[in-house]
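Spelled out from the first residue to the last, the chains are:
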Amino acid sequence: METTVVCRGVSKIYRQDTVAVPALTDIDLEIPKLDFVCLSGPSGSGKSTLLNLIGGLDAPTAGEIEVDGQRVDKMEKGALADLRLRKIGFVFQAYNLIPVLTARENVEFVMQLQGVGAEERTRKARKILKEVGIEELENRRPGELSGGQQQRVAVARAIVSEPSLVLADEPTANLDSKTAENLMQLLRHMNREHGVTFVFSTHDKLVMEFSRRLITLRDGRIVDDVRRD
Amino acid sequence: MAITLRLAWRNLWRNPRRTWFTASAIAFITVLLIFIITLQMGAFDMMLDTSLRVFTGQMQIQREGYLDKPQMRVTVARAQNLAGSLRRATGLPGIAVRANGFALAASGTRSYGVPVVGVEPAHESAVSTIPRLIRQGRYLANDTAQELVVGAVLARNLKIKVGDELTLLGAGMDGSVAATVLPVVGLFESGSPELDRHLVEMPLQTFQEVFSMGQEAHALVISGPSLERMAATQVLVRQHMPQDPALVLLDWEKLLPGVKQVMQADIIEHWFLYIVLILVVTFSILNTFLMSVLERTREFGIMLALGATPLGIGRLVLLESTLLTLLGLAIGIVLGGGIALYFNYYGFTFKGMQELYSQFGFAGVITPKITFVNVMTGPAVIFAFTVAAALYPAWRIRRLRIVEAMHAVH
């Protein structure tokens with residue numbers, strides 16, 4: 001089976017002055033293409049750290065990480081930026097849209113970085129906004145959108161360039177349960193329709209129910225890995 | 001409009017008060033520089049015009065080498081014929097012939113070494129203000145009149161008045177003794193201490209007889225209609241000058257190198273002050289940009305996570321600073337240009353200046369000189385400094401660590 005993410009012996013130790021704080025210890029993990037994986041565990045278990053390492057936002061202290069066959073841990077900054085731009089989409093807990101851009105411009109932003117032409121950008125952005133159900137809000141800025149609407153824009157931004165992998169760090173943490181459920185249905189839809197591998201972190205049981213594979217972390221180690229489909 | 005441009009423009013208006021404050025600072029220094037530079041250049045033109053109109057003229061035709069070593073025998077042959085044909089060919093009335101000599105001027109018990117200049121009375125007033133600045137008596141009557149006009153200070157030093165005779169003793173072009181006694185018919189006050197203290201003028205033909213010069217002279221003094229048209233006048237004269245390699249057309253920079261040096265020194269001195277002012281504004285702008293970057297650390301972290309490069313974000317910050325600077329400059333250029341235009345129309349003067357200058361036949365009003373270079377030099381330097389100031393915050397973005405930046409709280 002084709003794999004999107006491979007972690008071999010991945011560890012991450014943060015240094016606070018002279019004290020070493022291990023965040024992840026010896027993580028071995030394979031995530032096949034098109035999987036819909038949930039990382040769960042209590043706060044401080046290492047979920048976000050693992051997502052950051054897979055996404056190349058941070059470097060592991062030890063071990064190897066591959067995304068789409070490319071060694072993330074060996075990459076230079078420029079190559080990492082390019083990998084994130086073309087192969088990885090991000091959805092953050094706090095939505096993290098650019099406040100001065102409209103919903104459509106936020107979606108177009110990544111495509112502009114990729115060098116996609118203006119017309120195609122607009123066409124694709126409108127299409128994906130329609131798919132996430134907020135096409136009528138395309139000219140609103142983030143401050144004029146609800147949390148759920150902002151997160152839909154963030155999903156649209158993450159998916160619009162058709163990456164191989166979307167990493168979502170606690171995507172429903174700021175949403176009410178109904179909106180969270182709708183968002184998870186949307187992510188599942190994207191996973192199926194767009195053929196994108198999803199890895200998301202949560203400690204919300206409702207959200208875990210949507211996953212096909214549930215990986216549980218505690219104190220920086222994988223303590224459980226259950227396939228649910 | 002590209003998203004980056006929209007992003008940069010909208011980022012400016014996240015904090016409108018700060019943006020307006022910074023743009024106003026840029027506009028203020030722009031207004032100041034445009035007004036001061038155009039006024040300074042206008043003052044230079046007035047000073048130059050005054051200097052040239054008193055005696056030197058805008059340009060002179062001389063025999064090559066005369067300027068460096070003004071010997072009597074280094075002459076322009078048949079100078080009056082040449083001046084006449086040049087006047088006809090160019091249509092310029094301001095062409096007059098002069099011959100220069102040196103003599104011991106004596107009256108009673110006093111004597112001074114003085115430059116003596118032979119002039120064409122009919123044409124001299126077109127190249128010099130001295131004929132109009134006779135304070136006592138009158139100016140020279142004609143080319144053959146046997147008379148003199150002298151500077152008022154020289155007359156005082158020699159203790160002579162209008163109607164008295166002055167003895168001149170010098171050397172003629174052929175080495176013979178040049179001696180004459182001529183009545184003083186007028187005293188002039190040109191406003192130039194140098195001329196008023198030393199100069200003696202006499203009709204050209206009289207000079208040529210006294211100094212044994214035949215039909216020769218030393219210079220054709222030329223003044224065009226205005227300083228603005230000086231370059232065009234020079235081209236016109238050069239086109240109609242005889243193809244004689246021995247003759248040279250000298251512009252004011254060669255004739256009065258000291259004036260140019262004074263202007264250059266003044267420009268350097270003023271620019272030192274301007275740069276200090278620009279630096280003060282630049283540091284306040286640098287502070288604004290630093291604050292703006294610091295406040296958006298989290299946002300830059302997100303952009304980096306999405307795949308933007310530090311270089312790309314640095315460019316965005318530079319674009320923001322460029323837009324902000326252009327906004328300030330645009331306001332400053334409109335206001336500064338408007339003020340300069342107002343004073344260009346109505347003139348700029350202050351108490352006492354007009355009275356002082358009017359004594360010597362000048363308006364005593366400075367008009368800012370509005371040219372593209374004079375108006376745009378200040379804004380161009382401000383632009384360079386402020387954009388350079390934004391390089392530092394842009395460079396700081398390179399040091400951002402994505403995860404830390406994304407968790408930054410401001």
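Residues numbered from 1 in each chain as written. Chains lettered and ligands numbered in written order. Predicted model: local features only at pLDDT ≥ 70, side-chain atom pairs only at ≥ 80, totals over all residues. Heavy atoms only, no water.

1. Some words on the environment of A:Gly78
Alright, step 1. Structurally, A:Gly78 can be placed in helix α2 (residues 77-87).
Alright, step 2. Spatially, the C-alpha atoms of A:Gly78 and A:Gln114 are 13 Å apart, while their sequence positions differ by 36 residues. (Helix = DSSP H or I, 4+ residues; strand = E, 2+ residues; numbered from the N terminus.)

2. Some words on the side chain of A:Asp58
Alright, step 1. Relative to the helices and strands, A:Asp58 is located in the loop between α1 (47-54) and β4 (62-67).
Alright, step 2. A relative accessible area of 18% means that A:Asp58 is categorised as buried.
Alright, step 3. Here A:Lys12 takes part through its side chain, which lies 3.4 Å from a polar atom of the side chain of A:Asp58.
Alright, step 4. Not counting chain neighbours up to four residues away, the residues in contact with A:Asp58 comprise A:Lys12, A:Tyr14, A:Asn52, A:Leu53 and B:Val403. (Buried < 20%, exposed > 50% of the residue type's maximum accessible area, 1.4 Å probe, protein only. Polar contact = N/O pair within 3.5 Å; in protein donor to acceptor, adjacent residues only side chain to side chain. Contact = heavy atoms within 4.5 Å.)

3. Comments concerning the packing of helix α12 (residues 310-346) of chain B against helix α14 (residues 372-396) of chain B
All names here are of chain B.
Alright, step 1. Two elements in contact, α12 and α14, have axes separated by 9 Å at closest approach and are oriented at 155°. What the angle tells us is that α12 and α14 run roughly antiparallel. Every pair of crossing elements has a handedness; the one defined by α12 and α14 is right-handed. Residues Gly314, Val317, Leu318, Ser321, Thr322, Thr325, Leu326, Leu329 and Ile333 of α12 pack against Met376, Pro379, Ile382, Phe383, Thr386, Val387, Ala390, Leu391, Pro393 and Ala394 of α14.
Alright, step 2. The class makeup of the residues in the contact of α12 with α14 is 14 nonpolar, 5 polar and no charged. (Axes fitted to C-alpha atoms, helices over the stretch in contact; angles between N-to-C directions. Parallel < 35°, antiparallel > 145°, perpendicular 65-115°, else oblique. Left-handed = near helix turned anticlockwise from the far one by under 90°. Nonpolar A, V, L, I, M, F, W, Y, C, P; charged D, E, K, R; others polar.)

4. Notes on the domain arrangement of chain B
Alright, step 1. Each assigned domain of chain B is listed with its residue range as follows: domain 1 (8-52 + 259-406) and domain 2 (59-223).
Alright, step 2. With centres defined by C-alpha atoms, the gap from domain 1 of chain B to domain 2 of chain B works out at 51 Å. (Domains from an automatic or database assignment.)

5. Topic: the packing of aromatic side chains
Residue and element names in this part refer to chain B.
Alright, step 1. Counted according to the given criterion, the structure contains 14 aromatic pairs over all chains.
Alright, step 2. Here Phe35 and Phe348 contribute two aromatic rings whose centre-to-centre distance is 6.0 Å and whose plane-to-plane angle is 75°, an arrangement assigned as edge-to-face. Placement of Phe35 in helix α2 (residues 16-56) and of Phe348 in the loop between α12 and α13 (353-358) is noted, with a sequence separation of 313 residues between them.
Alright, step 3. Centroid distance Tyr392 to Trp395: 6.2 Å. Interplanar angle 25°. Geometry classified as stacked. Placement of both Tyr392 and Trp395 in helix α14 is noted, with a separation of 3 residues, approximately one turn of the helix.
Alright, step 4. On the accessibility criterion, Tyr392 (37% relative accessible area) is partly exposed.
Alright, step 5. A network of ring pairs unites the aromatic residues Phe35, Tyr342, Phe343, Tyr345, Tyr346 and Phe348 as a single cluster. (Phe/Tyr/Trp six-rings, centres within 6.5 Å; stacked < 30°, edge-to-face > 60°.)

6. A few points about the sheet that holds strand β2 (residues 19-32) of chain A
Residues and elements named next belong to chain A.
Alright, step 1. Taking strand neighbours across the sheet as the criterion, the 4 strands line up as β2-β1-β4-β5 in an open arrangement whose pairing is antiparallel. Of all strands in the sheet, those bounded by a partner on one side alone are β2 and β5 (70-71).
Alright, step 2. Sheet analysis places strand β1 (residues 3-16) next to β2, joined by 10 bridges and oriented antiparallel. The residue bridging Tyr14 from the neighbouring strand is Val21, located in β2. (Pairing = 2+ DSSP bridges.)

7. Describing helix α3 (residues 103-114) of chain A
Alright, step 1. Counting buried positions along α3(A) gives 11 out of 12 residues, so the element sits mostly inside the fold.
Alright, step 2. Turning to α3(A), its buried residues number three or more, namely A:Ala103, A:Arg104, A:Glu105, A:Asn106, A:Val107, A:Glu108, A:Phe109, A:Val110, A:Met111, A:Gln112 and A:Gln114.
Alright, step 3. Those residues of α3(A) that are buried lie in contact with α2, α4 (118-131) and α5 (147-159) of chain A together with α1 (3-12) and α11 (297-305) of chain B.
Alright, step 4. One or two steps after α3(A), the chain reaches A:Gly115, where phi turns positive at roughly 85°.

8. Here we look at the pattern of salt bridges
All names here are of chain A.
Alright, step 1. Following the criterion strictly, the structure yields 30 salt bridges over all chains and no others.
Alright, step 2. Linking Lys47 and Glu170 is a salt bridge whose minimum nitrogen-to-oxygen distance equals 3.9 Å. Taken together, the residues span a long stretch of sequence, with Lys47 in helix α1 and Glu170 in the loop between β7 (165-169) and α6 (177-194) at a distance of 123 residues. The same class applies to Lys47 as to Glu170, namely buried.
Alright, step 3. Among the ionic pairs, Arg86 bridges to Asp82, the shortest N-O distance being 3.0 Å. On the criterion of helical spacing, the pair formed by Arg86 and Asp82 is a turn pair, its members being 4 residues apart in helix α2.
Alright, step 4. Among the charged side chains, a network of salt bridges with common partners joins Arg8, Glu64, Glu66, Arg71 and Asp73. (Salt bridge = Lys/Arg side-chain N within 4 Å of Asp/Glu carboxyl O.)

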